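A structural walkthrough
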Amino acid sequence: MSNYPVDTKQWLAKLVSFNTISSNPNMELVQYIEAYLKPLGFSCVRIPSPTRPDTHANLWATLPGKDGSMSGGIILSGHLDVVPVKDQVWKSDPFVLTERNGKLYGRGSSDMKGFIAIALHLAPYFTKLKSRKRAVHYSFSFDEEVGCAGIPFLIDHLKKNNITADACLVGDADFEVITGSKGIASWRVTVHGKAIHSSMALMNTSCNAVEHASRIVWKIRELALELREHGPRDKHYVNPFCAMSVGLINGGNAPNTVPSSCDFVFSVRYTDTNISREVERKVRAFIDEVVLPEMKKEAPEAKVEMKPEWFAPAFNADENHAFTKLVRKMVSNNKVRKQAGATESGFFQDILKIPTVNIGPGGFGAHCPNEFTEEKLLLKAEKFTAELVEIITTNGVPKL
């Protein structure tokens, strides 16, 4: 193991050196981690992207329990991808960890290679824990930064193989207990009309895709306002209501042509995953029952496609669960905090029903130029993670 980093700071430097912007391959990093973990006794399984199996993969790695069990114990979860640096002005190479005045700069230093560095540094320690009876799992995903697109394949693998755990720690946060994050769902709507010279508009020989798309956009706004006024609210978020909006739109090719196509993307962020299903149902119903019949009067071949793109379930930890109480007790923090951005926590809590909290080393300037963390944050989160894993793998989640 002499060729591998020897502490968390060195591990962070190594991880930052892999340019794992979501659009780039992450396989080299996955292979590097595998080669490190396997000699320590971890069983490693790649769960590849169905569309890019040679370049992008999740990694599920398990240090079996003392009885050989591959289930139970605790999951340490993080994502390997980072956001782009294009058009950002950095004072140093974003893919070389650079220390200035006690701050560690680099893309992913805050979000969220710091936590992965902690998990990898602690791997040898976990293998030597005499009190450990239960498994330790590493869940490292791809494409979290583009709608949590990679983690569903890993979750499907766990469900198919009946793999579960006593608890899950997601390190995608600062060093404070996060027990909620909004889910996100987005859809791309493509309206297909019929083009003609604009002087011939509205003669039932053409169909203006932009105008009909605009009707759907306005309906989405009406639904968004309805959600704001009458939907569920959670006071622990900066924005307490479910937020829905249209983020992208494109249509037409010339001002003197009735446009034949228009597409747009809209999304909703919710505290209850059922909201996404209800939004989809209402928008589809409006398209099918109101917009499409009128379009077909103008052009029988007209159609509207609505395809889901991003999806992540809302994360709502159980504040009364012993695991949540344990984490709060360990860090002496009882304040309820929730983050607006989507995380992978909901996949474990909501879909797999594994008690989950979100706490990590964090840092400053995530997604921004000159993103950084601090060594003291890494060390604090490292100590906490080691202690938590020891507790859970010794006797499971203790009753408090």
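A brief look at the structure comes next.

Cut-offs and rules
- Residues numbered from 1 in each chain as written.
- Predicted model: local features only at pLDDT ≥ 70, side-chain atom pairs only at ≥ 80, totals over all residues.
- Heavy atoms only, no water.
- Buried < 20%, exposed > 50% of the residue type's maximum accessible area, 1.4 Å probe, protein only.
- Helix = DSSP H or I, 4+ residues; strand = E, 2+ residues; numbered from the N terminus.
- Contact = heavy atoms within 4.5 Å.
- Pairing = 2+ DSSP bridges.
- Axes fitted to C-alpha atoms, helices over the stretch in contact; angles between N-to-C directions.

**Some thoughts on helix α7 (residues 322–331)**
- The buried fraction of α7 is high, at seven of 10 residues.
- What α7 keeps buried is the set Ala 322, Phe 323, Thr 324, Leu 326, Val 327, Arg 328 and Val 331.
- Turning to α7, the residues buried within the fold contact β7 (167–170), β8 (178–181), β17 (356–358) and α9 (375–395).

**Some details on the environment of Phe 95**
- Note on placement: Phe 95 falls in the loop between β3 (74–79) and β4 (98–100).
- For Phe 95, a relative accessible area of 15% corresponds to the buried category.
- For the pair Phe 95 and Ser 17, spaced 78 residues apart in sequence, the C-alpha to C-alpha distance is 4.9 Å.
- Apart from residues lying up to four places away in sequence, Phe 95 is in contact with Val 16, Ser 17, Phe 18, Asn 19, Ile 21, Val 85 and Arg 107.

**A short note on the sheet that holds β4**
- Read from one edge to the other, the open sheet built from three strands follows the order β4-β5-β18, with strand pairing classed as antiparallel. Edge positions in the sheet fall to β4 and β18 (372–374), since each has one partner strand and no second. Averaged over neighbouring strand pairs, the angle between their axes works out to 30° when direction is ignored.
- Here three bridges tie β4 to strand β5 (residues 103–105), and the two strands are oriented antiparallel to one another. Pairing of Glu 99 across the sheet is with Leu 104, part of β5.
- Those strands touched by α9 are β5 and β18, and its axis lies near 65° from that of β18.

Purely geometric numbers; function is a separate question.
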